[in-house]
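Topology and contacts: notes
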Amino acid sequence: MGTSGKIIKCKAAIAWEAGKSLSIEEVEVAPPKSHEVRVKIIATGICGTDDHVLTGSFPKVDYPVIPGHEGAGIVESIGEGVTCVKPGDKVIPLCLPQCGECSSCLKWNTNCCLKTHLCNPQNLMPDKTSRFTCKGKQIHHFLWISTFSEYTVMPDSTVVRIDDAAPLDKVCLFGCGFSTGYGAAINTAQVTPGSTCAVFGLGGVGLSVVMGCQAAGASRIIGIDINKEKFGKAKELGATECLDPRDYEKPIQEVLIEMTGHGVDYAFEVVGCLDTLTAALASCHMGCGVCVMVGVPPTDSRLSFDPLLLFTGRTLKGSFIGGWKMKDSIPQLVSSYMEEELKTDVLITHTLSFSEISEGFNLLRSGKSVRIVLLF
Ligand code: COD
Ligand code: ZN
Ligand code: ZN
């Protein structure tokens, strides 16, 4: 008895309102409509952004909602007109669409598809209805992909087929954390061989930046974090030195300028704070340093810094999901992983069952984990 065309009942984690913890519920998942795909999620990572959804600090979320955006699964069924995947394919849901048609998708130098949540709400499917119900109530989607549900429906612009042999409990990280950090170094900064890099924040995304800097041939990679427990993994992945700003009386940018003589070639902000963003910019070489903003500071915050920091030639730029056009790039990154060129398994510190999702969020908040993967 196939499930195609039928409603599927399954487990999902719902945030009923901001400020409340997730509750695991039985949801009904409607079949995919035209240009939609229903996916059985096998594994999903927990990302800091999911926690922002729970606390209410992620902008433009409608509750109740099923969060999750770092998953991997298998196509269960497809709607009319879908040609990019078929039932049985292993896939990664994409938290940034690549529609292939908008003015951004047609440019080579941006991945910021105009269907992203930053341009259009993704709390309902493109036809403005939801495929999820629970206890008779409509439940919202998150970034169109809601990977905290055993079955989930997404537009065909937000899903891509990957290698049939890929281990889904490992490559789910390519859906967000790893790709975001690694691409910031490789694509956005375009780190050059022999350069000096500073990475502010050594969580899963910051460690992926470290991996990108090392892959690009940086000769010095300085990791900065207020949690010294992060230093071991950072060194394992390529950091040459690690600093805790609280060990110094001087501001950390002054320490970095003294250590390097002239400032770093590339600095990455991977914390999501205004103070670390300004410090990262000020720690760059005054004539040619590039500061890349990876973290998103709190909603409605405003940046204030001495404009002379830019006048002499520093560059401040943002990096959105590592600059990858996700449909084109994620399958290639997964292939590199399969060829053992990317050691992303090191980032996974905990693998739990989906029913342990609340423990997963507690671990994330405790700072004792890097990446937590949940298995359905
Ligand atoms: N100085 C140095 N390190 C600090 C400081 C500080 N003042 N404060 C905190 N830290 C460290 C923490 O100890 C921790 O190790 C690290 O910063 C943050 O790591 P995590 O594990 O909390 O977070 P990550 O690595 O999963 O994600 C970090 C982001 C900054 C990317 C995230 O919070 C964010 O802003 N996401 C939105 C941006 C985005 O594009 N995301 C992709 C889709 S989610
Ligand atoms: Zn994320
Ligand atoms: Zn597009």
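Residue positions are counted from 1 within each chain, in the order its sequence is given. A letter from A marks each chain and a number from 1 marks each ligand, given out in the order of writing. The predicted nature of this model means local features are confined to residues of pLDDT at least 70 and side-chain atom pairs, given and counted, to a pLDDT of 80 or more, with totals for whole chains, interfaces and linings taken over all residues. Just so you know, side-chain values use all the structure's heavy atoms and leave hydrogens and water out.

Once that is clear, we can look at the coordination of the zinc ion (ligand 3). Excluding water, the donors of a metal are its N, O and S neighbours within 2.8 Å, or within 3.2 Å for Na, K and Ca, and that exclusion means sites may look incomplete. The protein atoms that coordinate the zinc ion (ligand 3) are C99 (SG), C102 (SG), C105 (SG) and C113 (SG), at distances of 2.3 to 2.4 Å. Counting residues between consecutive donors of the zinc ion (ligand 3) along the chain gives the motif C-x2-C-x2-C-x7-C. We note that C99, like C102, is buried. Summary of the burial criterion: residues with accessible area below 20% of their type's maximum are buried, those above 50% are exposed, and those between are partly exposed, where the area comes from a 1.4 Å probe applied to protein chains only.

Given 3.6 residues to a turn, an α-helix orients residues that are three or four positions apart in the same direction. Helix and strand definitions here come from DSSP, where helices need a minimum of 4 consecutive H or I residues and strands a minimum of 2 consecutive E residues; each element is numbered from the N-terminal end. A helix's residues, less one, multiplied by 1.5 Å, set its expected span. An ideal rise of 1.5 Å per residue puts 16 Å on 12 residues; helix 5 (residues 204-215) measures up with 17 Å between its terminal C-alpha atoms. Counted residue by residue, helix 5 has 10 buried out of 12 residues, so it is predominantly covered. Taken residue by residue, helix 5 has G204, V205, G206, L207, S208, V209, V210, M211, G212 and C213 as its buried positions. Any two residues having at least one pair of non-hydrogen atoms within 4.5 Å are treated as being in contact. If you follow the buried residues of helix 5, they end up packed against helix 4 (177-189), strand 10 (196-200), strand 11 (220-224), helix 6 (231-237), strand 13 (266-269) and strand 17 (371-375). Looking one or two residues past helix 5, G217 carries a phi angle of roughly 95°, positive in sign.

Here we come to the sheet that holds strand 11. Think of a sheet as strands paired side by side through backbone hydrogen bonds, with each pair either parallel or antiparallel. Within the open sheet, the 6 strands sit side by side as 12-11-10-13-14-15. Their pairing is parallel. If you trace the sheet from one side to the other, it starts and ends with strand 12 (241-243) and strand 15 (315-318), each paired once. Each strand of the sheet is rotated relative to its neighbour by a mean of 20°, with strand direction disregarded. By definition, two strands form a pair when at least two bridges between them are found by DSSP. In this sheet, strand 12 lies alongside strand 11 in parallel orientation, the contact comprising 3 bridges. Its bridge partner lying in strand 12, G223 is registered against C242. For helices, the fitted axis covers only the stretch in contact; all axes are lines through C-alpha atoms, and the angles between them, taken along N-to-C directions, range from 0 to 180 degrees.

Attention now goes to the coordination of the zinc ion (ligand 2). Each pair of donors in an ideal four-coordinate tetrahedral metal site encloses 109.5 degrees, whereas pairs in an ideal six-coordinate octahedral site enclose 90 or 180 degrees. On the protein side, the zinc ion (ligand 2) has C47 (SG), H69 (NE2) and C176 (SG) as donor atoms, found 2.1 to 2.3 Å from it. By the criteria applied here, four donors are tetrahedral when all angles lie between 85 and 135 degrees, four are square planar and six octahedral when opposite donors are over 155 degrees apart and every other angle lies between 65 and 115, and any other arrangement is irregular. Because the angles between the 4 donor atoms bound to the zinc ion (ligand 2) fall within 100 to 125°, the donor set is best described as tetrahedral. For the zinc ion (ligand 2), the donor residues sit on a single chain with the sequence spacing C-x21-H-x106-C. One end of the pair, C47, is in the loop between strand 3 (36-46) and helix 1 (48-55); the other, H69, is in the loop between helix 1 and strand 4 (71-78), and 22 residues separate them in sequence.

It is possible for side chains bearing opposite charge to pair when their charged atoms get close. Salt bridge, as applied in this entry: a Lys or Arg side-chain nitrogen positioned within 4 Å of an Asp or Glu carboxyl oxygen. All told, the structure shown has 17 salt bridges when counted by the stated rule. With a shortest N-O distance of 2.6 Å, E76 and R38 are connected by a salt bridge. One end of the pair, E76, is in strand 4; the other, R38, is in strand 3, and 38 residues separate them in sequence. Residue E76 is classed as buried on the basis of its relative accessible area of 14%. A salt bridge links R365 to D51; its shortest N-O distance comes to 2.7 Å. Of this pair, R365 sits in helix 11 (residues 357-366) while D51 sits in helix 1, and the two are 314 residues apart along the sequence. Counted as one network, the salt bridges with shared partners bring together K33, E36, D127 and R131.

Covered by surrounding structure in strand 13 are Y266 and F268 together with A267 and E269, the residues of both alternating faces. As defined by bridge partners, strand 10 adjoins strand 13 across 4 bridges and the pair is classed as parallel. Paired with F200 across the bridge in strand 13 is E269. The handedness of a crossover follows from its direction of travel: if, with the strands pointing away from the viewer, the path from the first strand over the helix to the second runs clockwise, the crossover is right-handed. Crossover strand 13 to strand 14 (residues 290-293) through helix 8 (residues 274-282) is right-handed.

Further remarks concern the UniProt feature "domain: Enoyl reductase (ER)" (unreviewed entry) in the chain. Under the local residue numbering, the UniProt record ascribes the feature "domain: Enoyl reductase (ER)" (unreviewed entry) to residues 19-374. Between the C-alpha atoms that bound residues 19-374 the distance is 22 Å, and the span itself is 26% helix and 22% strand. UniProt positions are given in the numbering used here, feature names are shortened, and annotations may be inferred rather than shown by experiment.

All right, on to the site of ligand 1 then. Note on terminology: near, applied to a residue and a molecule or strand, indicates that one of the residue's heavy atoms is within 4 Å of it. The local shell around ligand 1 holds 25 residues, among which T49, V205, D225, V296 and R371 are the closest. Residue V205 places a main-chain N or O atom 3.0 Å away from an oxygen atom belonging to ligand 1. Out of a free accessible area of 910 Å², ligand 1 has 81% covered by protein chains. Taken together, the elements giving at least two residues each to the shell around ligand 1 come down to helix 1 and helix 5. Put simply, Ala, Val, Leu, Ile, Met, Phe, Trp, Tyr, Cys and Pro go in the nonpolar bin, Asp, Glu, Lys and Arg in the charged bin, and everything else, Gly too, in the polar bin. Residue composition of the shell around ligand 1, grouped by class: 11 nonpolar, 11 polar and 3 charged. Polar contact is the term for a pair of N or O atoms within 3.5 Å; when the atoms are in protein, one must be able to donate a hydrogen and the other to accept it, and sequence-neighboring residues count only if both atoms are side-chain atoms. Using a 1.4 Å probe, the Shrake-Rupley method yields the accessible areas, and only the shown protein chains count as cover for residues.

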